[in-house]
Amino acid sequence: MEIFKYMEQYDYEQLVFCQDKESGLKAIIAIHDTTLGPALGGTRMWMYESEDAAIEDALRLARGMTYKNAAAGLNLGGGKAVIIGDPRKDKNEAMFRAFGRFIQGLNGRYITAEDVGTTVADMDIIYEETDYVTGISPAFGSSGNPSPVTAYGVYRGMKAAAKEAFGSDSLEGKVIAVQGVGNVAYNLCRHLHEEGAKLIVTDINKEAVQRVVEEFGAKAVDPNDIYGVDCDIFAPCALGGIINDQTIPQLKAKVIAGAANNQLREARHGDIIHEMGIVYAPDYVINAGGVINVADELYGYNRERAMKKVEQIYNNIEKVIEIAKRDGIPTYQAADRLAEERIAKMRQSRSQFLQNGQHILSRRRTR
Ligand SMILES: NC(=O)C1=CN([C@@H]2O[C@H](COP(=O)(O)OP(=O)(O)OC[C@H]3O[C@@H](n4cnc5c(N)ncnc54)[C@H](O)[C@@H]3O)[C@@H](O)[C@H]2O)C=CC1
Ligand SMILES: CC(C)CC(=O)C(=O)O
């Protein structure tokens, strides 16, 4: 991978490699853009096939956070971290302490939280070393696990997308296919079940499937069969890249609305589903509930205030659909437009000179 070429292409600010032999830490922190504020995004722990795959994932996810935070109206930039390893076997306290020290070394340019493979307990360990961590335990007055809040935001955004596709935002009686029923999707299934939706689910983890079958009366299918099931809404809630040349021809859903990051394998896949008349709720707009919730910790966590913002995901999806219609573009492009316009406006407003901290003239005074 030609790292600088890639960074230049998408305008990344910084890529940090962190290594600690004793604990086995091998981590990468990617900071995409800090125009709006410090880069906030979770830490993913995953068994990457290669170092290049880990770097690419960190970079792609970090850029997604820039767009997510901007579109959600947060005063935060985009960043993300990955730790290379098996979250079931390779974690230890020293690893997260070492990682916390690396984050501290960035002096607030990057703030972390949970992502796939990391937990509130891991964030609590990081908190021993740095304040630049969110999603820590409610015992510390913080917001805890972001997944249920992400799920609620996805549920709200799904309703807005359903309104566009079906003329009503009621999900009662709708058949919804959910791919991956982990932390976010378990909670999403609960909301959908409570509203009277019929669930078809899949996961590579049989226990996770069993739980939603038992608790919410979901029907289970094999992982490869989820794309082609007869359904109204497809909710991708596992990993990225699942809307691609192989899966698109199988889709029967009229709406795609789920939690996974980077759902479109390539931008052109967003064009194809648009031409097919599918209402796509852009991933980083609909799954912003978790980051909205943890970001509130930076102001002194207030759940009511955070949830009010999460409710707005309904309106944010409506806004994206409106821009898409107005400008005759697919929704994924409309979301990018929304985020990019906000970043550009803020960048422009910062072009005015304001004396913050060190001023060039202050050097004269010390002579
Ligand atoms: N946790 C959060 O608050 C947020 C999560 N997301 C994204 O949402 C997605 C889900 O996140 P979590 O629920 O936290 O992760 P998780 O790891 O708890 O759940 C993911 C589930 O997908 C399953 N899975 C993996 N590969 C699969 C496959 N090929 N077919 C079927 N199932 C498969 C896993 O077994 C697991 O149960 C991820 O893409 C994550 O980046 C985005 C925003 C916030
Ligand atoms: C706090 C996390 C849920 C933020 C994040 O990394 C994400 O939204 O993907």
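As shown above, the structure is provided for reference.
Just so it is clear, the structure is predicted and the values come from calculations on it, not from any experiment. (Residues numbered from 1 in each chain as written. Chains lettered and ligands numbered in written order. Predicted model: local features only at pLDDT ≥ 70, side-chain atom pairs only at ≥ 80, totals over all residues. Heavy atoms only, no water.)

S.K.: Before we go on, may I ask you to explain the site of ligand 2 in this structure?
M.R.: Around ligand 2, the neighbouring residues are Gly41, Gly42, Met65, Lys68, Lys80, Ala113, Glu114, Asn261, Val291 and Val294. At 2.6 Å from an oxygen atom of ligand 2 is found a side-chain nitrogen or oxygen belonging to Lys80. A distance of 3.1 Å is found between an oxygen atom of ligand 2 and a side-chain nitrogen or oxygen belonging to Asn261. Relative to its unbound accessible surface of 280 Å², ligand 2 loses 93% to contact with the protein. Taken together, the elements giving at least two residues each to the shell around ligand 2 come down to α2 (51-71) and α10 (289-295). (Near = heavy atom within 4 Å. Polar contact = N/O pair within 3.5 Å; in protein donor to acceptor, adjacent residues only side chain to side chain. Areas by Shrake-Rupley, 256 points an atom, 1.4 Å probe, with all protein chains shown as cover. Helix = DSSP H or I, 4+ residues; strand = E, 2+ residues; numbered from the N terminus.)

S.K.: Looking at this model, I keep getting lost on the side chain of Thr35. Mind explaining?
M.R.: For Thr35, the position within the fold is in the loop between β2 (25-33) and β3 (39-40). Exposure remark for Thr35: the relative accessible area of 12% places this residue in the buried category. Separated by 3.0 Å, the side chains of Thr35 and Arg347 make a polar contact. (Buried < 20%, exposed > 50% of the residue type's maximum accessible area, 1.4 Å probe, protein only.)

S.K.: Explanation requested: the packing of helix α12 (residues 313-327) against helix α13 (residues 331-349) in the structure shown.
M.R.: Two quantities define a packed helix pair, namely the angle between the helix axes and the distance between the axes. Interaxial distance between α12 and α13 falls to 8 Å at its minimum, and their mutual angle equals 105°. What the angle tells us is that α12 and α13 run roughly perpendicular. Contacts between α12 and α13 involve Lys319, Val320, Ile321, Ile323, Ala324 and Asp327 on the former and, on the latter, Thr331, Ala334, Ala335, Arg337 and Leu338. Partitioning the contact of α12 with α13 into residue classes produces 7 nonpolar, 1 polar and 3 charged. (Axes fitted to C-alpha atoms, helices over the stretch in contact; angles between N-to-C directions. Parallel < 35°, antiparallel > 145°, perpendicular 65-115°, else oblique. Contact = heavy atoms within 4.5 Å. Nonpolar A, V, L, I, M, F, W, Y, C, P; charged D, E, K, R; others polar.)

S.K.: Can you help me understand the site of ligand 1 in this one?
M.R.: Taken together, 20 residues sit near ligand 1, with Arg44, Thr150, Val184, Asp203 and Ala238 positioned nearest. Separating an oxygen atom of ligand 1 from a side-chain N or O atom of Asp115 is a distance of 3.2 Å. For ligand 1, an oxygen atom lies 2.7 Å from a polar atom in the backbone of Ala238. Protein chains shield 83% of the accessible area of ligand 1, which is 820 Å² for the free molecule. The set of elements that each furnish at least two residues to the shell around ligand 1 consists of α5 (147-166) and α6 (183-194). A breakdown of the residues in the shell around ligand 1 according to their chemical character gives 8 nonpolar, 8 polar and 4 charged.

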